[in-house]
Amino acid sequence: YGNRRPSLSFDELSKRLFNYHAQNVATVREKLGKKGDGNGTVADNTVIVMQNTRGVWHHGGATLGKQYMLLLGSAGGYFKTGRHITYPGSYETTGVNERTLSDAYVSIANAMGVNITRFGDQTYRAGTDAQDPSRIKGAINKGPLDELRG
């Protein structure tokens, strides 16, 4: 909070912070790939989740709907890897967020053997968008993201 390097824009500082974290995640992934686990490595049976930590993006700010999540690894083959998925029904394309991060958390839990279909309070709406709470219609969770499956 607060730019202690006024010569850099907020976006440039954000990029540098993301790159710093991404490099650390890559280092962890590399180390996991060197540790044996059954017929493969620990990395083969792991999924590392990396997502935005800038609150405005997931607390209903002006950029609602531009949330990303990086899944690094297949969790033992549960997730199909090597793809970029943009979900239809994002606010930019339809004016309504059809899927939420909670759906991704359901998918991750399912990959770990926790068979749930919902994550979080399904009635809470205050965090969607103070100006337009209709951006998310129906249940907040719609269940796991089948497109992530291997």
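Further up the page is the structure itself.
I will try to describe carefully the structure that is included in this document. (Residues numbered from 1 in each chain as written. Predicted model: local features only at pLDDT ≥ 70, side-chain atom pairs only at ≥ 80, totals over all residues. Heavy atoms only, no water.)

**A few points about the side chain of Ser74**
Note that Ser74 resides in the loop between β4 (69-72) and α3 (91-94). Excluding residues within four positions of it along the chain, Ser74 makes contact with Asp44, Thr46, Phe79 and Thr81. (Helix = DSSP H or I, 4+ residues; strand = E, 2+ residues; numbered from the N terminus. Contact = heavy atoms within 4.5 Å.)

**Structural notes on unusual backbone geometry**
The backbone of Ala75 shows a phi angle near 55 degrees, a positive value even though the residue is not glycine. When you line up the elements, Ala75 lands in the loop between β4 and α3. Owing to a relative accessible area of 12%, Ala75 belongs among the buried residues under this scheme. (Buried < 20%, exposed > 50% of the residue type's maximum accessible area, 1.4 Å probe, protein only.)

**Quick word on the pattern of salt bridges**
Here the structure, examined in full by the defined rule, presents 2 salt bridges. The partner of Glu12 in a salt bridge is Arg16, with the nearest N and O atoms 3.1 Å apart. Placement of the pair is Glu12 and Arg16 together in helix α1 (residues 10-32), with a separation of 4 residues, close to one helical turn. By relative accessible area, which is 29% here, Glu12 ends up partly exposed. Across the pair Lys34 and Glu30 runs a salt bridge, and its minimum N-O distance is 3.5 Å. (Salt bridge = Lys/Arg side-chain N within 4 Å of Asp/Glu carboxyl O.)

**Notes on the side chain of Gln51**
With respect to the helices and strands, the residue Gln51 is situated in strand β3 (residues 48-51). Among the polar contacts made by the side chain of Gln51, one reaches the side chain of Tyr105 at a distance of 3.0 Å. Apart from the residues within four sequence positions on either side, Gln51 is in contact with Tyr68, Met69, Leu101 and Tyr105. (Polar contact = N/O pair within 3.5 Å; in protein donor to acceptor, adjacent residues only side chain to side chain.)

Spatial relationships are all this shows, so hold off on functional conclusions.
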